Amino acid sequence: MKKVVKFGGSSLASAAQIKKAGQIIREDESRRYVVPSAPGRRYSDDVKVTDLLYQCYDAAMSGEDITEKIAVIKGRYDEIISGLELDLDLTEEFEVIRDLFMRKAGRDYAASRGEYLNGLVIAEYLGYRFIDAAEVILFDEKGAFDSEATNELLRRRLENVERAVIPGFYGAMPDGSVKTFSRGGSDITGSIVARAVRADVYENWTDVSGMLTSDPNIVDNPEPIETITYRELRELAYMGATVMHEDAIFPVRREGIPINIRNTNRPQDPGTMIVESTCRQPKHLITGVAGKKGFCSINIEKEMMNSEIGFGRRVLQVIEENGISFEHTPSGIDTFSILLHQSEFAEKEQAVIAGLHRAVQPSSIDLETDLALIAIVGRGMKAAKGTAGRLFSALAHANINIKMIDQGSSELNIIIGVRNDDFEEAIRAIYACFIDSDI
């Protein structure tokens, strides 16, 4: 059995945390490939190493003396090395970093050094082989991740390597320059490694015991999710409910490799399993509820709209020409609405309205602002009767008006729109109806 284990920054912020991670790795022989993040915050007002590196590089670009800033970063690693009782000296590595900072190696290079250095430390601590991600994670000339070339190269590189540490977050361009994924990209590296070695499980260790059925900032002590499918995760992640980088799903999904979200500080907790499909029935009718504020709707009215061929296409073409992405398009016989991110739309609202008048000659256009979208997601809804009725009843009892309803053809989710001011209360009402009431 083979497992790839990725540890987040909070799990590796100090020597004590790295010792916890080391114990987790050593207690299971199948945990053979380790993907570390850079050290995160040790306490609430601490600074992540990646942010220190950005600050240091920006100072170098401004012509400042970065001696003290480099010393602060080195001190973080020296403290970890001392706490782990390692015979490891990173002085030469920091001399190289300082030199390349002054030679303007780029912000991607600067950001990547947190993972690189932590990889060296953890490889030494575990006795695993260190493999620089810049040698095995490939980006093309345009800066796009080269999935297939990376998979082939990484597969061959790890074929005869029993145990290895591969730093997360970065790779290299064809010219050898360092290129990073977006923030949180160590999750992606772990997924890439899992695919290359055809792992049985990709374990993603962080500071929470898996995904939760709702936002703990809104609902008190929401239940953890035991098992969730990739499709359900995609729906919830769209609304911001995720504990890992969204792009980390795709490499493992194509290989059918499950992801296990675990808590470094509570390794006894089973966490959340993310799978392609499952026969396991969910504990509740819904798997989770999540949402976002900050939407608006354009409501277009025109008589006989339904018989006008190409009406919807022309409306959406106006949205496209203004460089705006749309979220949903609920419609009726004589009405057509478009849900948009309010921040994207605000600057271009008059251009869009004028464009719509020219494109479809509407009877009227009405704008509604300050809307929130909430997604109720669950594979259990497909076979259940009365889900929508329960939802609407719960919101009615909470005195919340529903502004929009949209249900996907898969019956995996129902999305509703409410006023921003009703958002938190709506989440709590839905949670109480579908999860608290089932306990």
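See the structure above.
Residues numbered from 1 in each chain as written. Predicted model: local features only at pLDDT ≥ 70, side-chain atom pairs only at ≥ 80, totals over all residues. Heavy atoms only, no water.

Asker: Just checking my understanding: could you explain the sheet that holds strand S3 (residues 129-130) for this structure?
Answerer: Strand pairing in a sheet takes place through backbone hydrogen bonds and is either antiparallel or parallel in direction. Strand order in this open sheet of 8 strands is S3-S4-S2-S1-S7-S9-S10-S8, and the pairing throughout is mixed. The two strands at the open ends of the sheet, each matched to only one other strand, are S3 and strand S8 (227-229). Where strand S7 (residues 201-206) and strand S9 (residues 259-263) come together, 5 bridges link them in parallel fashion. Within S9, the position partnered with Asn-204 by the bridge is Ile-261. (Pairing = 2+ DSSP bridges. Helix = DSSP H or I, 4+ residues; strand = E, 2+ residues; numbered from the N terminus.)

Asker: Is there a simple way to think about a negative patch on the surface in this case?
Answerer: Side chains of Asp-87, Asp-89, Glu-92, Glu-95 and Glu-124 sit close together on the surface and give a patch of like negative charge. Here Glu-95 is to be found in helix H4 (residues 91-102). With a relative accessible area of 52%, Glu-95 lands in the exposed category. (Patch = residues over 30% accessible without salt bridge, like charges linked within 9 Å, V, L, I, M, F, W, Y side chains within 5 Å. Areas by Shrake-Rupley, 256 points an atom, 1.4 Å probe, with all protein chains shown as cover. Salt bridge = Lys/Arg side-chain N within 4 Å of Asp/Glu carboxyl O. Lys, Arg positive; Asp, Glu negative; His and termini not counted. Charge placed at Lys NZ, Arg CZ, Asp CG, Glu CD. Buried < 20%, exposed > 50% of the residue type's maximum accessible area, 1.4 Å probe, protein only.)

Asker: What exactly am I supposed to notice about the nonpolar core here?
Answerer: Inside soluble globular proteins, nonpolar side chains tend to come together where they are buried. Val-4, Phe-7, Phe-101 and Leu-158 are the most contacted members of the largest nonpolar core, which has 90 residues in total. Of all the elements, helix H5 (residues 107-126) adds the most residues to this core, at 10 residues. Beyond its immediate chain neighbours, meaning those up to four positions away, Leu-158 contacts Tyr-33, Ile-131, Ala-164, Ile-166, Val-193 and Val-197. Residues Leu-285, Val-418, Phe-423 and Phe-434 belong to the second largest nonpolar core, which totals 25 residues. (Core = buried A, V, L, I, M, F, W, Y, C linked by side-chain atoms within 4.5 Å. Contact = heavy atoms within 4.5 Å.)

Asker: Help me understand the packing of H4 against H5 in this model?
Answerer: Packed helices, taken two at a time, are described by the angle between their axes plus the distance between the axes. The N-to-C vectors of H4 and H5 enclose an angle of 175°; their axes lie 12 Å apart at closest approach. Between H4 and H5, the angle falls in the class roughly antiparallel. Note on element contacts: H5 touches H4 through Tyr-109, Ala-110, Arg-113, Tyr-116, Leu-117 and Leu-120, opposite Glu-93, Phe-94, Val-96, Ile-97, Leu-100 and Phe-101. Within the contact of H4 with H5, the residues separate by chemical class into 10 nonpolar, no polar and 2 charged. (Axes fitted to C-alpha atoms, helices over the stretch in contact; angles between N-to-C directions. Parallel < 35°, antiparallel > 145°, perpendicular 65-115°, else oblique. Nonpolar A, V, L, I, M, F, W, Y, C, P; charged D, E, K, R; others polar.)

Coordinates in, geometry out; function isn't part of it.
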